[in-house]
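Chain and residue survey
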Amino acid sequence: MSNAKAVDQMVSLFDRWKKDPKAKFDRGLSKFKDVFSQLVDLRRWGPEDRVRETGLIERWQETLDIVGDFQSSVRVEIELWYRNDRGQRQTSEREIRAIVADCGGKVVNRAKIEEIGYHALLADLPRQQVEAVVQSGPQAIRLLMAEDVMFVSPFEPMGVKAVPSFPGSGRSFSSAVLKDDKPRIALLDGVPFQNHDALTGRLNIDDPEDLESSYPLAARSHGTAMASLIIHGDLSAPENPLDRKVYVRPIMCHEEHPSGQYVERVSPDTLFVDLLHRAVRRLFVGESERLPVAPSVRIINLSIGDRGRPFVRRMSPVGRLVDWLALEYNVLFIISAGNHAAPVSIPAEAALDRETARVAALQAVHASQIVRGVLPPGDAMNAVTVGAVHADDAPEPSESSNIWDLSRLGNPALYSATGPGVGRSIKPDIYHVGGRRLFVRPIMQSVLRSDVDLCPAKTTRTGPGLRVAAPSESGSSNRTIFECGTSHATALVTREASLLFDLLEARSRDRYVPPLPDAMFHPLIVRALLAHACSWGDWQKELSPDLGITSDQRRYLTPLLGYGRFRPDMARSAVSRAVVVAGNFIGLDECHSYDLPLPQSIRNKAEWRRIVITLAYWAPATSGLKRYRAAKVYFRAPDLELVQGERVDAYYHAVQRGSLQHEVIDGSKVIAFRDNETFPVHVECMRDGQRRGKVDPIRYALVVSIETAAETSVTVHDEVRAGLLRLRTQAEARQHSRVRNR
């Protein structure tokens, strides 16, 4: 029986059951009555399904309310059901083009990416179509009734507002001294001010669309800031600049609003999925029969997000693309979670003092998680998605009764998007310094309203925030300003990722260090190391009382906190800590076992210790709407009794739902174990969303560490290293014995 006939029969059975639950079904079909009793409805994919999660009707209502008759058309993204047969794809597209043309619209662009099952059209529809849907529902127009259409989404190009030009502070920068011209980092962003003193000689700009020639200097804000943070870090506390050039591919153009303010955004005539696909292929494969432009790239920074499409349940098309690109080209994507910059609404009575307003603002953000979700492409499972921490190295602002700081220093920023990700996986993955955002104290009316809005204060000139390089219309080449956002946190994480690559490559050349996994595993090892250096710290203790969450309800905090705050010092060094890394490929139904030698110096001591296990892999994806991962790799529940510890931080059921598993085990009870005892970690692979067919071996990286307080032991690293050498020697001896016995 064909799928279409099976669907028809199932719908018919459900209709019969609704009319008479006791109706007699044919032999073998009675079991479906139990299924039907659990359903609200069973029907074919229809007009409501094509718009329910896209927010199309709500956006169109807003368009009519705000713009009215002044806008003659609206732009939409029409995602078609992907047909494997080329002829069927062409027929589907031809029919949808005809429907668009018949209603007076036009198709602006198209895209087809076979590897992720993506087929879409960018189209303009006349205002009459909008009015019909708003007034009569999605069944009112042919486009939303067409069976070839999967989703129709409102289209708004990803973009950011450029910072207004005003006199900023200047500072001096040293000349670029580079050890390698081959870039490791690719920044896909707006056009930067490459002649800024902070960036001169440090960028490799690849601009095939020649966007730079028409890009006003004052509009080159975002790309300049991102490049500055990647190369130098926060200029309030600058570190040594990176010693490689950064590859920059401009993917945004500029628009000037009537107010004179610039906006940087992706071209409105382009589907971003297609643009990103072409940009990454240009790096590693080349285009138009030309050679790859930057095959040395190992990290891709994406610090923009789709504000009109916060993650709800379904992986976005651009998220699917990022997951496939990471797997296909073995490249690490570091992506911003996204900012929600709208004013925070709190009860008016809570705005009478700063502390009450702080708690109310936190509760308001937590209660509105459903509309403050991660912005695509930050929903990508195989990427490191970065949220922002309310912190920076800027000087403390002068006290003012009109300006409020409504977050505890070091806590997640109120503007940062929250999780979860697809399948309730952990997103954002990690949090890093994004800059402090202050708020204007609301002016209380004589008659209190039910709610008041907390609006961000303008601190670009004086801080706080992250200090970044900025363009200047006056011709200055050393202007700096203060900014904040998840984009900025992402740029700083990108910088830290490059430093970790430096560390891995230096260790690989050191003949006195045990051999590290091959360089093909380095992108995944760095991904694992970034998460490995994260923890909640005091977040649970500080936030739980304000949110009314008890200590045993970590699952409610996990979407808000991810794996916690990234600690660069933990990632780069190992004081009173031993860190072990591994990389391999694993096939379906295989199990790989690893042993971490337990140091003798912690035996029989009732003192604090921590074991951290982090697993990262490139998850293959399915084209289905429900189960996203084709297969999953995971490590089994660790042996808590052996180390007398307990899981802390992220909820343990959530950590296996993505492609980055990170577990923290703390203990302080007396731990007793035999000489040469090891802590086992078992990595396994099994099917997930893909029930049949071949699944290629999956590449993964594993990082395990054991840490103690400095006063407990200073020899942990040496003890674990010696234990690993002993295990290696024993394994080689067993191998030689087997060879001789043959």
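As shown above, the structure is provided for reference.
Residues numbered from 1 in each chain as written. Predicted model: local features only at pLDDT ≥ 70, side-chain atom pairs only at ≥ 80, totals over all residues. Heavy atoms only, no water.

**Here's the deal with the overall build of the protein**
On a plain count of helices and strands, the protein comes out with 18 helices and 31 strands. Its C-alpha radius of gyration of 27 Å places the protein within 12% of the 27 Å reference for a compact globule of 742 residues. In terms of principal-axis extent, the alpha carbons of the protein reach across some 80 × 80 × 65 Å. In the protein, which comprises 742 residues, the proportion classed as buried is 53%. Considering only intrachain contacts with a sequence separation of at least 6, the fraction spanning at least 24 residues in the protein is 80%. Per element, the accessible surface of the protein, about 33400 Å² overall, is 48% carbon and sulfur. (Helix = DSSP H or I, 4+ residues; strand = E, 2+ residues; numbered from the N terminus. Rg over C-alpha atoms; globule rule 2.2 N^0.38 Å. Buried < 20%, exposed > 50% of the residue type's maximum accessible area, 1.4 Å probe, protein only. Contact = heavy atoms within 4.5 Å. Areas by Shrake-Rupley, 256 points an atom, 1.4 Å probe, with all protein chains shown as cover.)

**Considerations on the sheet that holds strand E24 (residues 577-586)**
With respect to topology, five strands assemble into an open sheet ordered E24-E31-E26-E29-E28, the strand pairing being antiparallel. One side of each edge strand has no neighbouring strand; the edge strands of this open sheet are E24 and strand E28 (646-648). Between one strand and the next, the sheet's axes are offset by a mean angle of 20°, whatever the strand orientation. Examined bridge by bridge, E24 and strand E31 (residues 698-708) share ten bridges and lie antiparallel to one another. Within the sheet, the bridge partner assigned to Ile-586 lies in E31 and is Ile-698. (Pairing = 2+ DSSP bridges. Axes fitted to C-alpha atoms, helices over the stretch in contact; angles between N-to-C directions.)

**Considerations on the nonpolar core**
Judged by nonpolar contacts, the single largest core of 124 residues is most densely connected at Phe-272, Leu-276, Ile-300, Phe-333, Ile-334 and Leu-530. The greatest single-element share of this core, amounting to eight residues, is contributed by helix H12 (residues 486-508). Every residue in contact with Ile-300, bar those within four places of it in the chain, is listed here: Ala-186, Leu-188, Val-280, Leu-283, Phe-284, Val-331, Leu-332, Phe-333 and Ile-334. Counting 35 residues, the second-largest nonpolar core is a separate cluster that includes Met-381, Leu-596, Leu-598 and Ile-671. (Core = buried A, V, L, I, M, F, W, Y, C linked by side-chain atoms within 4.5 Å.)

**Description of unusual backbone geometry**
A cis amide bond links Pro-376 to the next residue, Pro-377, at an omega of 5°. Mapped onto the secondary structure, Pro-377 falls in the loop between helix H11 (354-367) and strand E15 (384-389). Here the amide bond leading from Lys-427 into Pro-428 is cis, since omega sits at -15°, within 30 degrees of zero. When you line up the elements, Pro-428 lands in the loop between strand E16 (403-404) and strand E17 (430-433). Positioned with a positive phi, Asp-210 is a non-glycine residue whose angle comes to about 55°. Topologically, Asp-210 is positioned in the loop between strand E8 (203-205) and helix H8 (222-232).

**Points about helix H4 (residues 56-66)**
Each turn of an α-helix holds 3.6 residues, which means side chains three or four residues apart point in the same direction. Those residues of H4 that fall on the buried side of the exposure criterion are Leu-56, Trp-60 and Thr-63. Burial along H4 is one-sided: seen end-on, the buried residues are contained in an arc of 55°. Across H4 from its buried face, at more than 90 degrees, point the exposed residues Asp-65 and Ile-66. (Arc of directions from axis to C-beta.)

**Some words on the sheet that holds strand E20 (residues 466-469)**
Strand order across the open sheet formed by three strands is E6-E21-E20, with antiparallel pairing between neighbours. Two strands bound the open sheet, and with one partner strand each, they are strand E6 (169-170) and E20. The sheet contact formed by E20 and strand E21 (residues 479-483) spans four bridges and is antiparallel. Note on E21: the bridge partner recorded for Arg-467 is Phe-482. Against the sheet, H8 contacts E20 and E21, and its axis sits at roughly 110° relative to E20.

**Observations regarding the packing of helix H14 (residues 539-547) against helix H15 (residues 554-561)**
Contact geometry for H14 and H15: axes closest at 11 Å, N-to-C directions at 110°. The pairing of H14 with H15 is recorded here as roughly perpendicular in orientation. Contacts from Trp-539, Gln-540, Leu-543, Ser-544 and Leu-547 of H14 reach H15 at Arg-554, Leu-557, Leu-560 and Leu-561. Tallied by class, residues from the contact of H14 with H15 come to six nonpolar, two polar and one charged. (Parallel < 35°, antiparallel > 145°, perpendicular 65-115°, else oblique. Nonpolar A, V, L, I, M, F, W, Y, C, P; charged D, E, K, R; others polar.)

**Focus: the packing of aromatic side chains**
Per the stated rule, a full pass over the model turns up twelve aromatic pairs. Taken together, a centroid distance of 6.3 Å and an interplanar angle of 20° make the contact between Phe-32 and Phe-36 stacked. Of this pair, Phe-32 and Phe-36 are both found in helix H2 (residues 32-36), four residues apart, which corresponds to roughly one turn of the helix. The class for Phe-32 is partly exposed, based on a relative accessible area of 22%. Take Phe-36: its relative accessible area is 1%, and that puts it in the buried class. Ring pairs connect the aromatic residues Phe-14, Trp-17, Phe-25, Phe-32 and Phe-36, which therefore count as one cluster. Over the ring of Phe-673 we find Arg-603, and its NZ or CZ is 5.8 Å from the ring centre. Geometry around Tyr-634 places Lys-632 over its ring, the cationic atom sitting 5.3 Å from the centre. (Phe/Tyr/Trp six-rings, centres within 6.5 Å; stacked < 30°, edge-to-face > 60°. Lys NZ or Arg CZ within 6 Å of the ring centre and 35° of its normal.)

**Some remarks on the pattern of salt bridges**
Evaluation of the coordinates by the stated rule reveals 36 salt bridges. Note that Glu-209 is salt-bridged to Arg-278, the shortest N-O span being 3.9 Å. Note that Glu-209 is positioned in the loop between E8 and H8 and Arg-278 in helix H9 (residues 272-284), a separation of 69 residues in sequence. Its relative accessible area of 37% is what places Glu-209 among the partly exposed residues. (Salt bridge = Lys/Arg side-chain N within 4 Å of Asp/Glu carboxyl O.)

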